[in-house]
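Here is what each chain is made of, one letter per residue.
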Amino acid sequence: MPKLWEALVTLLILVAALAVGIIIYGVDPHVPMFVGVCAAALMAMHLGYKWADIEKSMMDGIYKALQSCCILIIVGILIGVWINAGVVPSMIYYGLKVLHPAIFFIATVLICSITSLATGTSWGTMGTMGVALMGIGFGLGMSPAMTAGAIISGAYFGDKMSPLSDTTNLAPAMAGTDVMTHVKAMLIPTATVYAITLIIFGILGVTQYHGGDADLSRVTEFANALNAAEGGVFNISPILLLPPLIVIVAVAMKVPAIPGITLGIVSGAVLGMIFQPDCNLGTIFDYGINGYYFSEDVAAMLAATLSEETCYTMTRLLESGGILGMMFSVSMTIIAMMFGGIMEYTHQLEVIVNKLKSLAKGPAGLVTLTEVTCVVSNATMPEQYISIVVPGRMYAEEYKKMGLHPSVLSASLEGSGTVTSALIPWNTCGVFISDTLGVGVAQYGPFAFFNWLMPLATILFAFLGITLKDLDNKPYKKQAVAK
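This one's a predicted model, so the numbers in the text were calculated from it and none came from an experiment.

Visitor: Describe the overall build of the protein chain, listing the residues and the values that go with them.
Guide: Along the protein chain, the regular secondary structure elements total 24 helices and zero strands. A compact globule built from 483 residues should have a C-alpha radius of gyration of about 23 Å, and the protein chain, at 22 Å, falls within 12% of that. In terms of overall dimensions, the protein chain has a C-alpha envelope of 70 × 50 × 45 Å along the principal axes. Across the 483 residues in the protein chain, those meeting the buried criterion constitute 58%. Pairs at least 24 residues apart make up 80% of the contacts formed inside the protein chain by residues separated by at least 6 positions. The positive charge centre, built from 21 side chains, and the negative charge centre, built from 29, are 19 Å apart in the protein chain.

Visitor: Give me the lowdown on the side chain of Thr-177, citing residues and values where you can.
Guide: Within the secondary structure layout, Thr-177 lies in the loop between helix 9 (166-175) and helix 10 (179-208). For Thr-177, a relative accessible area of 8% puts it in the buried group. Once residues within four sequence positions are removed from consideration, Thr-177 is found in contact with Gln-67, Ser-68, Pro-172, His-182, His-405, Pro-406, Ser-407 and Ser-410.

Visitor: Please provide a residue-by-residue account of the packing of helix 4 (residues 66-85) against helix 13 (residues 257-275), values included.
Guide: Their axes nearest at 9 Å, the elements helix 4 and helix 13 cross at an angle of 20°. Between helix 4 and helix 13, the interaxial angle falls into the category roughly parallel. The handedness of the crossing between helix 4 and helix 13 is left-handed. Along its contact with helix 4, which presents Cys-70, Ile-71, Ile-74, Val-75, Ile-77, Leu-78, Val-81, Trp-82 and Ala-85, the element helix 13 presents Ala-257, Ile-258, Ile-261, Thr-262, Gly-264, Ile-265, Gly-268, Ala-269 and Gly-272. A class-by-class count of the residues in the contact of helix 4 with helix 13 yields 14 nonpolar, four polar and no charged.

Visitor: Outline a nonpolar patch on the surface, supporting the account with residue identities and numerical values.
Guide: A grouping of Val-20, Ile-23, Ile-24, Tyr-25, Val-27 and Trp-426 is seen on the molecular surface, where their side chains present a nonpolar patch of about 630 Å² in accessible area. Looking at the element boundaries, Ile-23 is found in helix 1 (residues 4-24). The class for Ile-23 is partly exposed, based on a relative accessible area of 47%.

Visitor: Run through the side chain of Gln-348, naming residues and quoting values.
Guide: For Gln-348, the position within the fold is in helix 18 (residues 348-356). Residue classification places Gln-348 among the buried positions, given a relative accessible area of 0%. Among the polar contacts listed, one links the side chain of Gln-348 to the backbone oxygen of Ala-40, at a separation of 3.5 Å. The residues touching Gln-348, leaving out its near neighbours within four places in the chain, are Pro-2, Glu-6, Ala-7, Thr-10, Ala-40, Met-43, Ala-44, Leu-47, Ile-342 and Met-343.

Criteria and cut-off values
Residues numbered from 1 in each chain as written. Predicted model: local features only at pLDDT ≥ 70, side-chain atom pairs only at ≥ 80, totals over all residues. Heavy atoms only, no water. Helix = DSSP H or I, 4+ residues; strand = E, 2+ residues; numbered from the N terminus. Rg over C-alpha atoms; globule rule 2.2 N^0.38 Å. Buried < 20%, exposed > 50% of the residue type's maximum accessible area, 1.4 Å probe, protein only. Contact = heavy atoms within 4.5 Å. Lys, Arg positive; Asp, Glu negative; His and termini not counted. Charge placed at Lys NZ, Arg CZ, Asp CG, Glu CD. Axes fitted to C-alpha atoms, helices over the stretch in contact; angles between N-to-C directions. Parallel < 35°, antiparallel > 145°, perpendicular 65-115°, else oblique. Left-handed = near helix turned anticlockwise from the far one by under 90°. Nonpolar A, V, L, I, M, F, W, Y, C, P; charged D, E, K, R; others polar. Patch = residues over 30% accessible without salt bridge, like charges linked within 9 Å, V, L, I, M, F, W, Y side chains within 5 Å. Areas by Shrake-Rupley, 256 points an atom, 1.4 Å probe, with all protein chains shown as cover. Salt bridge = Lys/Arg side-chain N within 4 Å of Asp/Glu carboxyl O. Polar contact = N/O pair within 3.5 Å; in protein donor to acceptor, adjacent residues only side chain to side chain.

Printed below as a string of structure tokens:
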């Protein structure tokens, strides 16, 4: 067994590498994470482990996340196919129809939620729809901080709950469960917080809106650019909302993740070939690997007929997906599990957790400790991926020892790690949002209701026992604790 200081040295090297890489140089977390892998391996050799055993521990760690890597790859195919088929454009198009100045904040939350659910990206949603909605809010005389809070709340709700999101797949990979079980585990607290968020923004909207006229031209132009009937790119139809419904039903019927998502791909491909003239087996195969992209003719048409802002929104939001588009998350998962595998096999995580778990009195206390650790990770290793990876591997075994299902851990990781990243000014998410929306964290933070209520709700529901499940994924009882 390593001493506590030896395990902390490894963790501090990881924190330092991530802090230098992300804060000072602005790079992606992959290589700094690999520096942490090297530190863990060197410490393992210092502790007396042979290289063959260290290498095997890395492979064992990766093996635990292989299902999630497969799901991420399949999700990449799904996104490319759904955009090509007009499924994602239809979701966004109908979402835009709910925008009305009298319910501006509520409409903003809903639009960003739908867009983020459809695309799986909070950053893409905020960088496109968010920017347009900031302009509309300004035209209506709405508080920029409140508008930004509504945008962020909606974008993070979609990112947190969408099976297309990288964090929604990363959290169950770290915890040791599947994405469908993970999404179901988040439903009750997330839906509660979302409802509260909508109520608050409804009240704020009534107090803020004084009957001014908003310039909705950009929203109208973007909606028209989506719809072929109005000179746009895709044939929009309510029938194209069927593939997402199929995936939701698959989740409800407890269909395993891979076949459930594959059903979404097949249904999207079939409907795409019916509704979209340019959708065929060739484009499905192409966009499935490379992600959706506009042809040169369509790109030229968009550039010639749309404003620069709307053209940017179209390409930024819809040119995405594909297997290659998921390689960022797949490679992050593999490197993270190399680190986690070494830290678990050599008991370095165990000695740290043993020190921390004295703070956790029972299952609800463990959930609370997880939430706090995620927030601290977001502040010290300022990247939301790492705030899911490190606490996920730290506490995975402790949840099992306490007789808790891995989905309790994965829901806790998303309930804090994903959403609180937007509330840290020096975190990559906080920096991106401030630069993109033009509002600082100190201004929008109090109004990002979904983001700061979510960790509190996760803790509350754990103490009430509502979200606690045993190892058989049934309501938790004290006697379920594993010996």
